[in-house]
Amino acid sequence: MTSIRQFKLTDLLRINNVNLDIFTENYGLSFYLHYLARWPECFFVAENSAQRLMGYIMGKIEGKQENYHGHVTALSIAPEFRRIGVSSQLMALLENVSEQKKTYFVDLFVRVSNKRAVDMYHKLNYVVYRRIIGYYSGERDEDAFDMRKALSRDVEKKSLIPIPHPVRPEDLVDD
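Quick caveat, the model's predicted, so the values are computed rather than measured. (Residues numbered from 1 in each chain as written. Predicted model: local features only at pLDDT ≥ 70, side-chain atom pairs only at ≥ 80, totals over all residues. Heavy atoms only, no water.)

## Examining the side chain of Ser-76
Note that Ser-76 resides in strand β4 (residues 69-77). Of the polar contacts made by the side chain of Ser-76, one reaches the backbone oxygen of Val-18; its length is 3.0 Å. Apart from the residues within four sequence positions on either side, Ser-76 is in contact with Val-18, Asn-19, Thr-24, Met-54, Gly-55 and Tyr-56. (Helix = DSSP H or I, 4+ residues; strand = E, 2+ residues; numbered from the N terminus. Polar contact = N/O pair within 3.5 Å; in protein donor to acceptor, adjacent residues only side chain to side chain. Contact = heavy atoms within 4.5 Å.)

Shown next, in the form of C-alpha cells:
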C-alpha cells in the first residue's frame, strides 16, 4: 500500500535511497529547504506501509499570464518501487495543485537519454515542447526535453505548440 503526504523537513534525512540513480539530480540541502519553504504545497513523498520512502516530487508554481504554470523540479522513485504507479500518483498530485492554482500547464525537463522517463511522461499525456541543448552538465553534457501537459485553463492548448528548433539554457531566462 502506498500513502502520499506532504514532504516534511525530517524527510531530508531519508531521501538518500531515492536519489541513488544516474538520472536523478542531487541538490544541496539549501535547495530542498528553499522549495519546502516557498512551495510546500508542491512537495510530496510516497511511503509504503512500513514507512519506507518510495519516492518524492518537488515542484513549484511560476510564470506570468499564459506562461503561468506548474513545474516539476524533481521526481524520483527508489529503484525497488519503480513501475508500480508511484510516479503517476505523485504527478497527479502536482497537476491537481497546478489546476487549483489555475495554471495553464505543467512542465518538466528530462534527459533525452532517459527513455523510460520520456515514455512514462508520454503515457501521462505530456508532449515534447522543445529540446534544450546542453541543459544537463557533468561528465558529458546532455540535452533535455522540455515536456508539457496542458491543463483546463489552456482551452486552446497553446502551451503545447512545439518550438521546432532547439534552444540553449540561457534562452530560458524569461520562461
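## Re the UniProt feature "domain: N-acetyltransferase" (unreviewed entry) in the protein
When the UniProt feature table is mapped onto this chain numbering, "domain: N-acetyltransferase" (unreviewed entry) sits at residues 2-152. The span residues 2-152 is 25% helical and 36% strand by assignment, and the distance between its end C-alpha atoms comes to 28 Å. (UniProt positions renumbered as here; feature names shortened; annotations may be inferred.)

## Concerning the sheet that holds strand β5 (residues 105-111)
Reading across the sheet, the seven strands line up as β1-β2-β3-β4-β5-β7-β6 and stay open at both edges, with mixed pairing between neighbours. Lying at the two open borders of the sheet, with one neighbouring strand each, are β1 (3-6) and β6 (127-136). The sheet shows a mean angle of 25° between the axes of neighbouring strands, direction not considered. As judged from the seven bridges shared by β5 and strand β7 (residues 142-150), these two strands associate in the antiparallel manner. Paired with Phe-109 across the two strands is Asp-146, which belongs to β7. Across the sheet, helix α3 (residues 86-100) lies against β1, β2 (43-47), β3 (53-62), β4, β5 and β7, angled at about 160° from β4, the strand it touches most. Running over the sheet, helix α4 (residues 115-123) touches β4, β5, β6 and β7 and is turned about 160° from β5. (Pairing = 2+ DSSP bridges. Axes fitted to C-alpha atoms, helices over the stretch in contact; angles between N-to-C directions.)

## A word on the packing of aromatic side chains
Enumeration over the complete set of coordinates arrives at eleven aromatic pairs. When the centroid spacing of 6.4 Å and the interplanar angle of 50° are considered together, the rings of Phe-43 and Tyr-56 count as tilted. One end of the pair, Phe-43, is in strand β2; the other, Tyr-56, is in strand β3, with 13 residues separating them in the sequence. A relative accessible area of 1% places Phe-43 in the buried class. Between Phe-109 and Tyr-135 the ring centres are 4.8 Å apart and the planes differ by 75°, which places this aromatic pair in the edge-to-face class. Linking Phe-109 in strand β5 with Tyr-135 in strand β6, this pair joins segments that are 26 residues apart in sequence. The class of Tyr-135 is partly exposed, set by a relative accessible area of 32%. Joined through ring pairs, the aromatic side chains of Phe-7, Tyr-27, Phe-31, Tyr-32, Tyr-35, Trp-39, Phe-43 and Tyr-56 make up one cluster. Here the basic side chain of Arg-111 rests over the ring of Tyr-136, its NZ or CZ set 4.3 Å away from the ring centre. Over the face of the ring belonging to Tyr-129 we find Arg-148, whose NZ or CZ atom lies 3.5 Å from the ring centre. (Phe/Tyr/Trp six-rings, centres within 6.5 Å; stacked < 30°, edge-to-face > 60°. Buried < 20%, exposed > 50% of the residue type's maximum accessible area, 1.4 Å probe, protein only. Lys NZ or Arg CZ within 6 Å of the ring centre and 35° of its normal.)

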